[in-house]
Amino acid sequence: SEKTPLIEFWLENSNVSITGKKGNELIVSGSTIQNHANELKNQLSGYKARFEPLEIAYHEAKKNKDTVKISEIESQWHQLYQARNNEVFEFIKNHPDSYLSLYHLVLLSRVKNADLNVIKEAIGGLSSTIQNTDEAKQLLATIKETEDRMQKIAPDFEQPDVNGVMVRLSDY
């Protein structure tokens, strides 16, 4: 049986029209945020085709326990992901009044090792309307909590190393 397609669309408080076409096509008109979403989707469309072969190669390398290949693929993946994120940040910079920009900043903030300073800077570049939303305020509060946790010093402790020799965290 065929999978039901996932169709993402954005609505806002305006005169929005949604029209279904044959197949999986859905046309949303009258929504500025949907237009922005379509623009970003088109801008990023080439990345999916570039990620897929890396994913296949990665799974093959994992299956073969080829650590050199895994590391090489992870490096390529990271570079490609960074290039994609740079395009998202460029979109955000060019669309400071769009709630979609804030949405993507929230997503980017959840990525492992996210550069929170870059995200805070991007939030600062959003319009005051977007910055004053509850979502933007919550994102800034979450970033502050994360930064506060990162600045706390871990308590000193002692435990045996792999050779049974006692070591302390403060020794390092």
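Above this text is the structure in question.
Residues numbered from 1 in each chain as written. Predicted model: local features only at pLDDT ≥ 70, side-chain atom pairs only at ≥ 80, totals over all residues. Heavy atoms only, no water.

**Topic: unusual backbone geometry**
Apart from glycine, the bulk of residues carry a negative phi angle, and the bulk of peptide bonds sit in the trans form. Filter applied, for reference: In DSSP terms, a helix is any run of H or I states spanning at least four residues, a strand is any run of E spanning at least two, and both are numbered starting from the N terminus. Categorising residues by exposure relies on relative accessible area from a 1.4 Å probe, with only protein chains included: less than 20% of the type maximum marks a residue as buried, more than 50% marks it as exposed, and the intermediate range marks it as partly exposed.
Of note in this structure, Lys 65 is not a glycine but carries a positive phi near 55°. Examined against the element boundaries, Lys 65 turns out to sit in the loop between α1 (32–63) and α2 (67–94). Here the phi dihedral of Asn 113 falls at roughly 60°; this positive angle occurs in a residue that is not glycine. Along the chain, the position of Asn 113 falls in the loop between α3 (99–109) and α4 (116–124). According to the relative accessible area criterion, Asn 113 is exposed, its value standing at 72%.

**Side note on the pattern of salt bridges**
Oppositely charged side chains are able to pair whenever their charged atoms sit close together. The following threshold applies: By convention in these notes, a salt bridge is any Lys or Arg side-chain nitrogen within 4 Å of a carboxyl oxygen on Asp or Glu.
Applying the stated criterion to the full structure yields 5 salt bridges. Across the pair Lys 120 and Glu 147 runs a salt bridge, and its minimum N-O distance is 2.9 Å. In this pair, Lys 120 is assigned in helix α4 and Glu 147 in helix α6 (residues 134–151), connecting sequence segments 27 residues apart. You can call Glu 147 buried: its relative accessible area is 19%.

Read these as spatial facts, not as claims about activity.
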